[in-house]
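What the coordinates show
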Amino acid sequence: MLRVLLLILSVVAIADAELCKPDAQNAFKVRLSIKTALGDNAYAWDANEEYLFKAMVAFAMRRYSSKSTTQISNVLLCNVTDRVSFWFVVTDSSKNVTTVPGSEVAAAIRMNRDRINNAFLLSDKTLQFLKITSTLSPPVEPSTPVWLIVFGVVLCLIAAGIVFLVVAGIQQHKKKNKESTERENLEEKGEVTITIENGIPCETLDFKAGHVNGVFAADDERFTSL
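So, the state of the cysteines
For the structure shown, the criterion picks out 1 disulfide. The residue that forms a disulfide with C20 is C78, at a sulfur-sulfur distance of 2.2 Å. Because the sign of the S-S torsion sets the handedness, a value of about -85° for the bond joining C20 and C78 places this disulfide among the left-handed ones. Taken together, the residues span a long stretch of sequence, with C20 in the loop between helix 1 (2-19) and strand 1 (28-32) and C78 in strand 2 (residues 75-78) at a distance of 58 residues.

Observations regarding the packing of aromatic side chains
Enumeration according to the criterion identifies 8 aromatic pairs in this entry. A ring pair is formed by W45 and F86, whose centres lie 5.7 Å apart and whose planes are at 20°; its orientation type is stacked. With W45 in the loop between helix 2 (34-38) and helix 3 (47-64) and F86 in strand 3 (residues 85-90), this residue pair connects regions lying 41 residues apart in the sequence. Accessibility assignment for this pair places W45 and F86 in one class, buried. Their ring planes at 80° and their centres at 4.9 Å tell us that F53 and F86 sit as a pair that is edge-to-face. In this pair, F53 sits in helix 3 while F86 sits in strand 3, placing the two residues 33 residues apart along the sequence. When sorted by exposure, F53 lands in the same class as F86, which is buried.

Calculation notes
Numbers given for residues are sequential positions, taken from 1 along each chain in its written order. The model is predicted, so local features are restricted to residues of pLDDT at least 70 and side-chain atom pairs to those at 80 or more, both for listing and for counting; the totals for chains, interfaces and linings are taken over all residues. Working from all heavy atoms in the structure, the side-chain values ignore hydrogens and water. Note on terminology: pairs of cysteine sulfur atoms within 2.5 Å are recorded as disulfides. Numbered from the N terminus, helices here are DSSP runs of H or I no shorter than four residues, and strands are runs of E no shorter than two. Paired rings are identified among Phe, Tyr and Trp, the last through its six-membered ring, by centres lying within 6.5 Å, and are further divided according to the angle between planes into stacked (under 30 degrees), edge-to-face (over 60) and tilted (the rest). Three labels apply to residues, based on accessible area from a 1.4 Å probe with only protein chains included: buried if under 20% of the type maximum, exposed if over 50%, partly exposed otherwise in between.

What follows is the structure in structure tokens.
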């Protein structure tokens, strides 16, 4: 009887070894960085931690599908290394000689990723399922609505445009006043501008004060004396 029992156990061990091995069908590799994540508070990876991992995978499978009857014994670990990496598969609880499709295992792990991470005090970066993509974190919504930000930007542009137009108008008005003042000062001083026409210097008449032509002034004096 003892020989039969040992034979059965050896057969089961051989079957498990065939199901769980690196790169086997439906097998997944796990890598943990406990020291990196926890530093001086890092815990040792031992049989108890392996049991917890199996329990969490079984929990994930049962939570993913209400029809699942996965037990802890259905989760097989193999090739465990000191740097805390290993492979695992989930066997079919009804047959126990075949593995659950990898797509179902990946979906269950992805669905319960936060619960698994929290159980080991790790994160997606320090508890890696190498063939299972991490769940995407929800997009961060800004505290201020987008429409309000756009409205504020447009309002600032309009205000800047108004200020520019006012300043430009003031500067233009000052420029016109300055030109007008200079023109009046020039007329009051009676400044004469000498121009050259056909090589003969000519004086520009001062229209405000007038200008006396010497030729006609001499004629007027001559006729007046008569």
